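Results of the structural survey
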Amino acid sequence: MISIIVSTRKDELSLKTFRDNIGETIGVEYELVIIENHAKYSLCEAYNIGIEKAKYNFLCFAHDDILFKTTNWGNRLISSMETDNSIGLIGVAGTKFKSTYPSGWGQSPYLSQFNKGHIFSKLETQPEKHYEFDRKELKRDIEDVVCVDGVFLFTKKEITSTCRFDDKMLTNFHGYDIDFSLQVHFAKYRVIVDRKILITHHSGGNYSTEYTQANRLICKKWKSKLPAITNDTKLSYWKKNYLDYLNWYHFLTTALKRKIIKLTK
């Protein structure tokens, strides 16, 4: 049984396609916990409110602009967690390497080799695009990662008793996924990507100044434990730190070019 928690500013009519899609694809009993959020709450606050309202043990945090392509996805995810109690979080895309520096989970070309999963994207009248993040390697259905993308998060209520969305630190709509993923990872649970869960996201990313600021706060919070890599990623101390430095260089030059940050900040 799954509680699907959604923070939205849409009205009931606008949510109809989303609601219908879940009912047609999930394959198990579920409830929709809708948090009406016209900039009243940060996303962390909204999700924590949803956790308190949820009545089922399995929790799914989803954006309101996704549609599922996979049928019976609820049974698959529940089965994964019931079969392996060490799994604490499941997503559709993520990375096996989270750097010390404030970038997203998969933006640096120097760390693209560690990205896993895939997602479909559909923007208005444009044709649907398929983004495969691990296209250069042998694709495995299940892949261990340290961070997953927040478009879709699946966990258990017992996990959220110790790993909460940090609504004191993250006060906008960014960074919640990376910070929550790291909490679960450092609590010694497995964070995984499941390639069999197919979704279409009807939106693009929003890499604003607020996005960068949120990532800065996350890196400050976890500085003593970063860079973080999965247990099955074998890197020497020097290789790990060299890649970390390259990611910092990419982040800094990109942020300066976009005028997201200034050297004086």
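Structure first, text after, so check above.
What counts and how
- All residue numbers refer to position in the chain's written sequence, counted from 1.
- At least 70 in pLDDT is required for a residue's local features to be given in this predicted model, at least 80 for side-chain atom pairs to be given and counted, and no such filter applies to totals for whole chains, interfaces and linings, which use all residues.
- For the side-chain quantities, the full set of heavy atoms in the structure was used; hydrogens and water were omitted.
- Secondary structure follows DSSP: runs of H or I at least 4 residues long count as helices, runs of E at least 2 residues long count as strands, and numbering of each begins at the N terminus.
- For a compact globule the rule gives 2.2 Å times the number of residues to the power 0.38, and the radius of gyration it is set against comes from C-alpha atoms.
- Burial classes follow relative accessibility: with a 1.4 Å probe on protein chains only, a residue under 20% of its type's maximum area counts as buried, one over 50% as exposed, and anything between as partly exposed.
- Residue contacts are defined here by distance: any two heavy atoms, one from each residue, within 4.5 Å place the two residues in contact.
- Lines fitted to C-alpha atoms define the axes, with helix axes restricted to the stretch in contact, and inter-axis angles between N-to-C directions lie between 0 and 180 degrees.
- For this classification, under 35 degrees means roughly parallel, over 145 means roughly antiparallel, 65 to 115 means roughly perpendicular, and everything else is oblique.
- If you view the pair so one helix is near and one far, a crossing is left-handed when the near helix is turned anticlockwise from the far one by less than a right angle, and right-handed when it is turned clockwise.
- Two strands pair under a simple rule: DSSP has to find at least two bridges between them.
- A carboxyl oxygen of Asp or Glu within 4 Å of a side-chain nitrogen of Lys or Arg is what we treat as a salt bridge.
- Each aromatic pair joins two rings of Phe, Tyr and Trp (for Trp, the six-membered one) with centres within 6.5 Å, and gets the label stacked for planes under 30 degrees apart, edge-to-face for over 60, and tilted for any other angle.
- Two limits define a charge over a ring: the Lys NZ or Arg CZ must be within 6 Å of the ring centre, and within 35 degrees of the ring normal.
- Using a grid of 1 Å spacing that covers the protein atoms alone, one calls a set of points a cavity when a 1.4 Å probe fits there but cannot get out, and a pocket when the set is open and has protein on both sides within 12 Å along at least five of seven lines; lining residues are those with an atom within 4 Å of a point.
- Grid points are joined across faces, edges and corners, and a volume is the space filled by probe spheres set on the points.
- Gly counts as polar in this scheme, as do all residues outside two lists: the nonpolar Ala, Val, Leu, Ile, Met, Phe, Trp, Tyr, Cys and Pro, and the charged Asp, Glu, Lys and Arg.
- Two N or O atoms count as a polar contact when they lie within 3.5 Å, although within protein this holds only if one can serve as hydrogen donor and the other as acceptor, and sequence-adjacent residues are included solely when both atoms are side-chain atoms.

1. A few points about the overall build of the protein chain
Counting its regular elements, the protein chain contains 6 helices and 15 strands. In summary, the protein chain has a C-alpha radius of gyration of 18 Å against a globular reference of 18 Å for 265 residues, a match within 12%. If one aligns the C-alpha atoms of the protein chain with their principal axes, the spans along those axes are about 50 × 40 × 40 Å. Per-residue burial over the protein chain gives 51% buried out of 265 residues. Contacts spanning at least 24 positions in sequence make up 79% of the contacts within the protein chain whose residues lie at least 6 apart.

2. Some details on the packing of helix α4 (residues 176-186) against helix α5 (residues 209-221)
The packing of two helices is summarised by the inter-axis angle and the distance between the axes. Where α4 contacts α5, the two axes come as close as 10 Å, and the packing angle between them is 20 degrees. The angle between α4 and α5 places the two elements in the roughly parallel class. Considering the relative orientation of α4 and α5, their crossing is right-handed. Residues Ile-178, Asp-179, Leu-182 and Gln-183 of α4 form the contact with α5, whose own contacting residues are Asn-215, Ile-218 and Lys-221.

3. Quick look at the pairing of strand β12 (residues 152-156)
Buried residues dominate β12, accounting for 5 of its 5 residues. Across the two faces of β12 the burial is the same, with Phe-152, Phe-154 and Lys-156 and Leu-153 and Thr-155 all buried. Of the strand pairs in this sheet, strand β3 (residues 58-62) and β12 are connected by 5 bridges, and their pairing is antiparallel. Its bridge partner lying in β12, Ala-62 is registered against Phe-152. The pairing of strand β5 (residues 87-91) with β12 spans 2 bridges and is antiparallel. Bridging across to β12, Ile-90 finds its partner in Phe-154.

4. Quick look at the pattern of salt bridges
Tallied over the entire structure, the rule returns 18 salt bridges. With its nearest N and O atoms 2.7 Å apart, the salt bridge here joins Asp-194 to Arg-76. Here Arg-76 lies in helix α3 (residues 73-83) and Asp-194 lies in strand β13 (residues 190-194), a separation of 118 residues in the sequence. With a shortest N-O distance of 3.4 Å, Asp-167 and Lys-168 are connected by a salt bridge.

5. Topic: the packing of aromatic side chains
Tallying each qualifying case throughout the model produces 15 aromatic pairs. Consider the rings of Phe-68 and Phe-152, whose centres lie 5.7 Å apart with planes at 80 degrees: the pair is edge-to-face. In this pair, Phe-68 is assigned in strand β4 (residues 66-68) and Phe-152 in strand β12, connecting sequence segments 84 residues apart. For the pair formed by Phe-68 and Phe-152, the shared burial category is buried. Each residue in the set Tyr-47, Phe-61, Phe-165, Tyr-176 and Phe-180 is aromatic and connected to the rest through ring pairs, giving one cluster. Positioned above the aromatic ring of Phe-120, the side-chain terminus of Lys-69 is 4.7 Å from the ring centre.

6. Things to note about the layout of surface pockets
What the second largest pocket holds in volume is close to 230 Å³. Around the second largest pocket sit Asp-144, Val-145, His-185, Phe-186, Lys-188, Tyr-189, Arg-190, Val-191, Thr-230, Asn-231 and Asp-232, which together line it. For the lining of the second largest pocket, the secondary-structure elements that each account for two or more residues are β10 (142-145), α4 and β13. Within the lining of the second largest pocket, the residues separate by chemical class into 4 nonpolar, 3 polar and 4 charged.

7. Describing α4
Among the 11 residues of α4, 10 are classified as buried, and the element is accordingly described as predominantly covered. The complete set of buried residues in α4 reads Tyr-176, Asp-177, Ile-178, Asp-179, Phe-180, Ser-181, Leu-182, Gln-183, Val-184 and His-185. Downstream of α4 by a residue or two, Lys-188 has a phi angle that is positive, lying close to 75 degrees.

8. Observations concerning empty space enclosed by the protein
For the structure shown, the criterion picks out 2 cavities of 30 Å³ or more. Approximately 60 Å³ is the volume attributed to the largest cavity. Lining the largest cavity, in full, are Phe-97, Lys-98, Ser-99, Ser-103, Gly-104, Trp-105, Gly-106, Gln-107, Ser-108, Leu-111 and Asn-247.

9. Some details on the side chain of Thr-25
Inspection of the secondary structure puts Thr-25 in helix α1 (residues 16-25). Among the polar contacts made by the side chain of Thr-25, one reaches the main-chain carbonyl oxygen of Asn-21 at a distance of 2.8 Å. A polar contact is formed between the side chain of Thr-25 and the side chain of Trp-73, at a distance of 2.9 Å. Setting aside residues no more than four positions away along its own chain, Thr-25 makes contact with Phe-68, Thr-70, Thr-71, Asn-72 and Trp-73.

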